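Results of the structural survey
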Amino acid sequence: MSILKKLGIALLVLILVLAIAFFFISRGDTADVPFDEVTGTDPTLDEADAETFPTVAIAKPVGWEEGEVPVAAEGLQVSRFAEGLEHPRTLYALPNGDILVSLTRSPNKGGGGIMGWIADKLMTRAGATGESPNQVVLLRDGDGDGAAETRQVLVDGLDSPSGLSWNDGTLYIANHDEVLAFPYELGADAPSGEPTKVTDLAPGGGHWMRNLELHPEGDRLFIAVGSDTNIGDKGMEAEEGRALIWEINLETGSRRQFAGGLRNANGLDFNPWSGELWTTVNERDMLGSDLVPDYLTNVPVGAQYGWPWVYWGDNYDRRVDAPVPAYINYVRRPEYSMGPHVAALGLVFSKEGAKMGENFSSGAFVARHGSWNRKPPSGYDVVYVAFDERGNPQGKPVPVLTGFLKDDGTTRGRPTWVEWAGDGSLLVSDDTAGIIWRVTAPGAEPQAAIERITGRRLPPQRELRGQRATFGEEDFAREVTAE
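Just so it is clear, the structure is predicted and the values come from calculations on it, not from any experiment. (Residues numbered from 1 in each chain as written. Predicted model: local features only at pLDDT ≥ 70, side-chain atom pairs only at ≥ 80, totals over all residues. Heavy atoms only, no water.)

Bringing the nonpolar core into the picture now. Judged by nonpolar contacts, the single largest core of 25 residues is most densely connected at Met356, Phe365, Val400 and Leu426. Among the secondary structure elements, those contributing two or more residues to this core are strand 23 (363-368), strand 24 (381-386), strand 25 (398-402), strand 26 (415-420), strand 27 (426-430) and strand 28 (435-440). Broken down by element, the residue count for this core peaks at three residues, all from strand 28. Sequence-distant contacts of Phe365, that is, excluding residues within four places in its chain, are made with Gly346, Leu347, Val348, Ser350, Met356, Phe360, Val383, Tyr384, Val400, Val418, Trp420 and Leu426. By size, the runner-up hydrophobic cluster in this structure holds 20 residues, among which are Phe258, Leu262, Ala265 and Leu277. (Core = buried A, V, L, I, M, F, W, Y, C linked by side-chain atoms within 4.5 Å. Buried < 20%, exposed > 50% of the residue type's maximum accessible area, 1.4 Å probe, protein only. Helix = DSSP H or I, 4+ residues; strand = E, 2+ residues; numbered from the N terminus. Contact = heavy atoms within 4.5 Å.)

Before going further, it helps to spend a moment on the environment of Ser289. Along the polypeptide, Ser289 turns up in the loop between strand 16 (277-281) and strand 17 (293-298). A C-alpha to C-alpha distance of 9.0 Å links Ser289 and Pro377, two positions 88 residues apart in sequence. Dropping the residues within four chain positions of it, Ser289 is found in contact with Asp29, Thr30, Ala31, Thr55, Pro340, His341, Asn373, Arg374 and Lys375.

With that out of the way, let us pick up the environment of Ser425. Positionally, Ser425 belongs in the loop between strand 26 and strand 27. According to the relative accessible area criterion, Ser425 is buried, its value standing at 0%. Sequence separation between Ser425 and Ala354 is 71 residues; the distance between their C-alpha atoms is 6.3 Å. In contact with Ser425, other than residues within four places in its own chain, are Glu419, Trp420, Arg438, Val439 and Thr440. For Ser425, the side chain forms a polar contact with the side chain of Asp423, separated by 2.7 Å. (Polar contact = N/O pair within 3.5 Å; in protein donor to acceptor, adjacent residues only side chain to side chain.)

On to the pairing of strand 23, then. Of all six residues making up strand 23, six are buried, and the element is well covered by its neighbours. The pairing of strand 22 (residues 344-349) with strand 23 spans four bridges and is classified as antiparallel. Looking at the pairing, Val348 lines up with Phe365 of strand 23. Pairing of strand 23 with strand 24 involves six bridges; the strand directions are antiparallel. In the strand pairing of strand 24, Ala364 is matched with Val385. (Pairing = 2+ DSSP bridges.)

Right, let's talk about the confidence of the model for the protein chain for a bit. Here the protein chain averages 90 in pLDDT, and 84% of its residues register 70 or above. Here residues 463-483 is modelled with pLDDT under 50, and outside its nearest four sequence neighbours on either side it reaches eight contacts, counting other chains as well. (pLDDT = per-residue confidence, 0-100.)

In a beta sheet, neighbouring strands pair by backbone hydrogen bonds and run either parallel or antiparallel. Within the open sheet, the four strands sit side by side as 7-8-9-10. Their pairing is antiparallel. One side of each edge strand has no neighbouring strand; the edge strands of this open sheet are strand 7 (164-167) and strand 10 (196-200). Taken pair by pair, the neighbouring strands of this sheet meet at an average axis angle of 20 degrees, ignoring direction. Direction of pairing for strand 8 (residues 170-174) relative to strand 9 (residues 178-183): antiparallel, over a ladder of five bridges. What sits directly across from Ile173, in strand 9, is Leu180. (Axes fitted to C-alpha atoms, helices over the stretch in contact; angles between N-to-C directions.)

Our next topic: the sheet that holds strand 12 (residues 220-225). Spatially, five strands are ordered 11-12-13-14-18 in an open sheet, and the strand pairing comes out mixed. This sheet does not close on itself; its edge strands, each paired only once, are strand 11 (212-214) and strand 18 (303-304). Looking at chain direction, strand 13 (residues 244-249) and strand 14 (residues 255-260) are connected through five bridges and run antiparallel. Bridge assignment links Trp246 to a residue of strand 14, and that residue is Gln257.

What follows is the structure, encoded as structure tokens:
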């Protein structure tokens, strides 16, 4: 057989493989459960249906027309705080009112092989590929008109930056593979010196964003690091240092795993009622359009959420080959479902001084970036989750900003991050549109601080009730006789 003939056969085989892949991808799985039923504190979990090829429903970004804005909830108003930015992702408000925004993309160009090539093409259609700008930009609304008239590059030459935080003259920036600390004074046009490295991180991978959150006391830094794969497909050795939240002691430089089993934790904020760390998490794919719910949950120290072996507390994923660890019996159930495949990212709680009105003064705001693998699409909005007086989520997500997804299946933009501005407005980054939206309730008074829940400490238990032994003065020595 001639070389030309062999090449022709190989080409036909490749075309056939791609045609079969396209058939299954375009066919996909359509959701059966009403979306409202798969959100909240007690979501309906459908039967798992493992997919050989993922369901794909790409909403192609088409941008916003001049003067066009998202649809705001009743009583709210939305405007453009800044526009013309190249792929803005995370936002951070400095104490002096300046806003920092990371202009960034993934450091990766997709995996190898046919599936990697297909994934790269799909993400290109979704507006998620291209060279990373690798900048942190400062935005300033000096005249207080609700739009930033000052825009300047604060830090350049970064490596897929995302997480941002500042405290006491130090600006922390997370690249995909490290956290850096820059000397920076508020109001300055640039850091005053070279950065020092706080810690190394597992690089790139399937999930590359590395969000930061400083503890209110300023002595600890929390870092969210997502997994490299969907369900440990490359072996758990490849997930070392991933799918977790690190805690860095900034005084000693030591770090520990604060929580694990979190496939892709993103937004981080402290619950104002309890003082506990909370996060948004993107769960696994390829179990159908109704699974698995992305979620919002608390993160107690030492918490384990079960990825990749289990999801939503006690549901085993039979696709995982890695041996099941002993700690799987102690997996926590997430607190609140944001819905499957919504890509829950940015998170902030209601806070003192916010001007969103009484209906949005006791809960959490979450940016749902939007699905690429669900039929029909989910997310593409900013929602509000109400919390009760004890600091627990309740009810269903309430739309705050919608109108990103169009009826024809394209999308004007994709909400990514949320942050409070100094004037009490809520800022929302829209990465594919290059816009920062500003949301506020006209005429609303600044809200009061949420009261921290405190209680009297219980006295130490001196007696083990129901047993003969006590731990008081009457306790007796035990003798063990060797047999």
